[in-house]
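Report on the structure
Given next are the chains, with one letter for each unit.
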Amino acid sequence: MGTALVYDDEMTKYKLLWVDPVCELEVPERLQVSHQALVRSGLAGRCVPVPVREATDEEVLLVHSAEYLEGVKKTPFMDLEDLMAFTQQYGDVYFHPNIYHCAKLAIGATLQLVDRVMTGKVRNGMALVRPPGHHSQTSQANGFCVFNNVAIAAQYAKKHHGAKRVLIVDWDIHHGQGIQYCFEDDPSVLYFSWHRYEHQSFWPNLRESDFDSVGSGKGAGFNINVPWNQVGMGNSDYLAVFFHVLLPVAYEFGPDLVLISAGFDSAIGDPEGHMCATPDIFAHLTHLLMNLAGGKVCAVLEGGYNLTSLAQSVCQTVQTLLGDPPPHPANLGGPCESALESVHSARSVHKKYWSCLQHAGEPSTKTCRPAQQDGPQGPQSNGGGEAQKEAIAWPEPLQRVAPSVRTALVLPDAVPCADGCERFSPAEGPDSMATAGLRKHFLKESEDGVNVKLLYNITALVGKMEKNEVWHCLPFPFVPSYVLCVCSKHLHINFNHTLTYGCGDTVGLMQAALGLLLPLGYQYAPGLVLLVRPPGCRAREDLWLQLTGLLQGLAAGHTLVLVQENETASVGITASCLLGNAAPSLGSLAAPGPEDVESFERLRLRLQTDWPLLQTTETWGRQRLRKMSAAAARGARMKKDESFLGKLGGTLGRRKKSKEVSDLHEEGKNAINAPLLPSTIEIHPEDTLMEENAERVMLDPTSRENLKFKDLLKVLIDWINSELEEERIIVKDLEEDCYDGQVLQKLFEKLWGKKLNVAEVTQSEIVQKQKLQTVLEAVNLLLQPHGWPIEWSVDSIHSKNLVAIVFLLVSLAMHFQAPIRLPEHVSVQVVVVKKRDGLLQTGLVTKELTTTTEMMLGRFERDAFDTLLDHAPDKLNVVKTSLITFVNKHLNKLNLEVTELESQFADGVYLVLLMGLLEDYFVPLYNFFLTPESFEQKVHNVAFAFELMQDGGLKKPKARPEDVVNLNLKSTLRVLYNLFTNYKNSD
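Now for a description of the structure that goes with this document. (Residues numbered from 1 in each chain as written. Predicted model: local features only at pLDDT ≥ 70, side-chain atom pairs only at ≥ 80, totals over all residues. Heavy atoms only, no water.)

1. A look at the overall build of the protein chain
The helix and strand tally for the protein chain stands at 35 helices and 16 strands. For the protein chain, the proportion of its 987 residues judged to be buried stands at 59%. When contacts within the protein chain are restricted to residue pairs at least 6 apart in sequence, long-range pairs at least 24 apart make up 76% of them. Total accessible area on the protein chain is roughly 40500 Å²; 51% of this is exposed by carbon and sulfur atoms. (Helix = DSSP H or I, 4+ residues; strand = E, 2+ residues; numbered from the N terminus. Buried < 20%, exposed > 50% of the residue type's maximum accessible area, 1.4 Å probe, protein only. Contact = heavy atoms within 4.5 Å. Areas by Shrake-Rupley, 256 points an atom, 1.4 Å probe, with all protein chains shown as cover.)

2. Describing the sheet that holds strand β1 (residues 3–6)
Across the sheet, which stays open at both edges, the eight strands sit in the order β2-β1-β3-β8-β7-β4-β5-β6 with parallel pairing between neighbours. In this open sheet, the two strands that pair with only one neighbour each are β2 (48–50) and β6 (223–228). The sheet shows a mean angle of 15° between the axes of neighbouring strands, taken without regard to direction. Pairing between strand β4 (residues 166–170) and strand β7 (residues 257–262): five bridges, direction parallel. Across the sheet, V169 pairs through a bridge with I260, a residue of β7. This element, helix α7 (residues 149–161), spans β4, β5 (189–196), β7 and β8 (297–301) of the sheet and lies at about 170° to β7. Across the sheet, helix α9 (residues 235–253) is in contact with β4, β5 and β6; its angle to β5 comes to roughly 170°. (Pairing = 2+ DSSP bridges. Axes fitted to C-alpha atoms, helices over the stretch in contact; angles between N-to-C directions.)

3. Looking at the pattern of salt bridges
Counted by the stated rule, this structure contains 24 salt bridges. R207 serves as the salt-bridge partner of D210, at 3.9 Å between the closest nitrogen and oxygen. It is possible to trace a salt-bridge network through shared partners that takes in E26, R30 and R130. (Salt bridge = Lys/Arg side-chain N within 4 Å of Asp/Glu carboxyl O.)

4. Re the packing of aromatic side chains
Considering all chains together, one arrives at 27 aromatic pairs under this definition. When the ring of W171 is compared with that of F282, the centres are 5.5 Å apart and the planes differ by 50°; the resulting orientation is tilted. Linking W171 in the loop between β4 and α8 (177–183) with F282 in helix α10 (residues 281–289), this pair joins segments that are 111 residues apart in sequence. On the basis of relative accessibility, which here comes to 0%, the residue W171 falls in the buried class. An aromatic cluster of three or more residues is present, and its members are Y68, F86, Y90, F95, Y100 and F147. The ring of Y14 carries the charged tip of R130 above its face, separated from the ring centre by 3.7 Å. For the cation-ring pair, K800 lies above Y739, with the distance from its terminal atom to the ring centre recorded as 4.5 Å. (Phe/Tyr/Trp six-rings, centres within 6.5 Å; stacked < 30°, edge-to-face > 60°. Lys NZ or Arg CZ within 6 Å of the ring centre and 35° of its normal.)

5. Digging into the packing of helix α25 (residues 765–783) against helix α27 (residues 802–815)
The contact between α25 and α27 brings their axes to 12 Å, and the two run at 50°. Considered as vectors, α25 and α27 are oriented oblique to each other. Crossing of α25 over α27 shows left-handed handedness. Note on element contacts: α27 touches α25 through L808, S811, L812 and H815, opposite L776, V779, L782 and L783. Looking at the contact of α25 with α27 residue by residue, the classes come out as six nonpolar, two polar and no charged. (Parallel < 35°, antiparallel > 145°, perpendicular 65-115°, else oblique. Left-handed = near helix turned anticlockwise from the far one by under 90°. Nonpolar A, V, L, I, M, F, W, Y, C, P; charged D, E, K, R; others polar.)

6. Things to note about unusual backbone geometry
Look at the link from R130 to P131: it is a cis peptide, with omega at 5°. If you trace the backbone, P131 turns up in the loop between β3 (124–127) and α7. The step from W203 to P204 runs through a cis peptide bond, and the omega angle for that step is 10°. Of note, P204 is situated in the loop between β5 and β6. A positive phi angle, close to 50°, is found at E198, a residue other than glycine. Here E198 is to be found in the loop between β5 and β6. Positive phi outside glycine occurs at N205, with the angle close to 55°. Taking relative accessible area as the criterion, N205 reaches 30% and is therefore assigned partly exposed.

7. Considering helix α22 (residues 707–723)
The end-to-end C-alpha distance of α22 is 24 Å, a good match for the 24 Å that 17 residues give at a rise of 1.5 Å each. For α22, every residue scored as buried is listed here: F709, L712, L713, V715, L716, I717, W719, I720, N721 and E723. N-cap assignment for α22: the residue whose side-chain oxygen lies 2.8 Å from the backbone N of K708 is N706. (Expected span 1.5 Å × (residues − 1). Polar contact = N/O pair within 3.5 Å; in protein donor to acceptor, adjacent residues only side chain to side chain.)

8. Quick word on the pairing of strand β15 (residues 827–836)
Two elements, strand β14 (residues 695–699) and β15, share five bridges in a ladder whose sense is antiparallel. Paired with V697 across the strands is V832, a residue of β15. With 10 bridges joining them, β15 and strand β16 (residues 839–848) adopt antiparallel strand pairing. The residue bridging S827 from the neighbouring strand is E848, located in β16.

9. Description of the nonpolar core
Ranked by size, the top nonpolar core spans 157 residues in total, and within it F95, F147 and W171 carry the most contacts. If you look at the next biggest cluster of nonpolar residues, it comprises 51 residues, including L744, V758, L809 and V810. (Core = buried A, V, L, I, M, F, W, Y, C linked by side-chain atoms within 4.5 Å.)

10. Side note on a negative patch on the surface
On the surface, E725, E726, E727, E947 and D951 cluster together to form a negatively charged patch. Tracing the sequence through the fold places E725 in the loop between α22 and α23 (734–738). Accessibility expressed as a relative area gives 47% for E725, which makes it partly exposed. (Patch = residues over 30% accessible without salt bridge, like charges linked within 9 Å, V, L, I, M, F, W, Y side chains within 5 Å. Lys, Arg positive; Asp, Glu negative; His and termini not counted. Charge placed at Lys NZ, Arg CZ, Asp CG, Glu CD.)

11. Quick notes on the side chain of Q546
Among the secondary structure elements, Q546 is positioned in helix α17 (residues 541–551). Looking at Q546, its side chain comes within polar contact range of the side chain of Y251, at 2.7 Å. When neighbours within four sequence positions are excluded, Q546 is seen to be in contact with Y251, N291, M510, A583, P584, S585 and L586.

12. Some points on the sheet that holds β15
Reading across from one edge, β14-β15-β16 is the order of the three strands in this open sheet, with antiparallel pairing throughout. Where the open sheet ends on each side, the last strands, each with one partner, are β14 and β16. Strand-to-strand, the axes of this sheet are offset by a mean angle of 25°, without reference to chain direction.

13. A word on helix α24 (residues 742–752)
Residue pairs spaced three or four apart in an α-helix point in one direction, given the helix's 3.6 residues per turn. Within α24, eight of the 11 residues are buried, which leaves it mostly tucked inside the rest of the structure. All of the buried residues in α24 are V743, L744, Q745, K746, L747, F748, E749 and L751. The elements touched by buried residues of α24 are α22, α23, α25, α26 (794–798) and α27. Once α24 ends, the next one or two residues include G753, with phi positive near 80°.

14. So, the pairing of β3
Of the two faces of β3, the one lined by N124 and M126 and the one lined by G125 and A127 are each fully buried. Where β1 and β3 come together, four bridges link them in parallel fashion. Residue pairing across strands places L5 opposite M126, the latter belonging to β3. Looking at chain direction, β3 and β8 are connected through four bridges and run parallel. Each residue of the ladder has a partner; that of M126, found in β8, is A299.

Put into structure tokens, the structure is as follows:
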């Protein structure tokens, strides 16, 4: 079975024939760019093409009235005046002589897809259709929609294919009120919609779009609305709704078919949505739905009006339907407070209808109003859509390259290999050193060579996965006592004894997986998922396959599944799941047992402060803000790499006996209390395990609190994140994020403009150090001829020596003339530990990380303002007068006047408004603080103005936003002079 793609260019052959600002967004190019992107990417060629057909009157009448159908039938024969008059009967829609034909094709295309999926001819698919449908109601067109394609498809599936329960997931940014009205009293259809609402101020401005519209009569509880009450929702907000609202209810509902009203105006850059979710999130949303209904998923295009993000989002959705694992999720933090309020409201109002939500809290009496709102927005008012289209940019989703082998199996010769999989056997077996190490540290003396070979094969498999040569691995059989960990860092979750057995076991495990395991996994963002089926596993096979399928959404699909020898029957079905076949449906799930609920909730409440994706109420959102620093500190103390792979590189890790550990702590204690070192300084015992004559340098803990040092770290982190934005790499902690060489490699390649010959993914300590060696050799060869002192090494970087890392980054920033201003005269104290004659000697040394800007930039030209302020201050007023004249020429258009440069631009408001005037667009007020009060709000405004400058084609200013806010005249002059140079001839 494959993935169907339904498309016909005929549906592009209608357009708006008169001027209507409301409807001008809906253009034929929406369909064309989506299909062209699928063709260019090769995804269309991998799909099963399905021809379209026109819907019959009988099919249209499954949802719409005969009177309305007869009216639309007349439109092909109307002239322009009649079409305009007919259009005026309805809201926010337009008619064209060919739209009736296209609307019947849109329905027919959707039903063709449903037929193929429900009869098993394809696994799933997507219909690219136009006009969209989810706003259309029984007797009226609405919101660009003529007939309700998805609602008709649901009725059709029930009537012609015997579907008992249909789930409709509407992720369009507008509420699909037409679908809600159609099924509000029907318990056989569960309708879920998230949508921009803003407390009823956004189109379609309906009271029944709020969270407390749950359906009526027998359909009560089968209509779920999650209203977005502010713009800017991102990937974390979308996932939180799936984890804590949609998926638990969907699994309890147990659908026979999943229909997606796939509107991509909820993606970043859309002029209607104003959201921040990147296109790759739709790969994850699609994946999370693909194990429902036995994989019977039909996605049907609805909205989407930014042609770039629309095409990217369609490609992400189709590629996931084809079975390719989603990419690593980007930009995951925790849901914002407004999103948590919406999640909590939806859960609390539905708790009486769904047993999976029985532990939800009571509805909140508080509403989280948007900070700024400037009147109604939606189709009637674009709300600054054009400005957003100019101002917002995002990196193109990374290409999801399929490896040469999707699923590899390690099997005894007597066990046949499953269809579609490849039997894995390394060309060479383990050498004597590796064999000895395996026997000494992981196997009993009595274990035979079979287990040695198996463990060696597992490490070889993971090596293949590191290079993306294999997605999934299934070694069989395995020895559960000895395979402990194959990742450099790991998050271990064990549900074995937390939930009861029997029916509650399946229900409780599934709810825990959705509400606990998946949020933890997504937030943790592993490089590898290790899934173990332990001895005596009582989990039902369908539950095991559900977990296997869902977890492939993590780690870009890199999954290692270990199955015990007596679980032979599980090998074939597990391999099938790894190949992309959907897990069998669990059916409608019963209520979880009270013990399960109590255990699950207790664990979630304990963890949610440190793992924000577990949160379901806005109360925890506020607590998270207070505890983020503590959580970050705990995260920074993660243990060093003790991976299974790292132990196989010839220097096998030693097991410390209790006496050795005691001696180690005593040695560390003696060093700490040595007379050369203040007793308040703490040294981790690990750092005292040194060879004779070795030396180790560590940052004095008191220097970590140095404000100038903290400022330097922030500047460097912001610079790295800015440089690596297109790589979708986000650095939060220099020690934890730079030690393995991955970030340093990408940064140096970006600055240098050349590629290094290194492995892309590195998990073992040996490979990480090899990568660091290559990177640092290239850096040193470049910097040494220019006189840069080399204050770093492979060992110091890999051991997370922050001083060495900062020295390296400062040197790179200055050599490549980074557009940043480093704080001057930053010095720290370091603890130097030396081992002489078996004793540790310690002392404090001061290290100067930065000097003056003039000295650091001595190799390069200083700009005119350095010279002006240092040597010709008398001419400064002339320059200031010229710049004031320039800015007032434009700000006067808004009746604004500047008299003092450094103070009036310090809050960033004038700078943002000036950019809008220079580029001739309106900057939406929700993008910045019009009356900033705090330092952070002012910095936000200035940083936003810098982003607008870059969007206008200017280089990123060398000044830092903090310097402008702090009334640094030189920084403000640099920024304004840059604008003057580029826009002095602008009217």
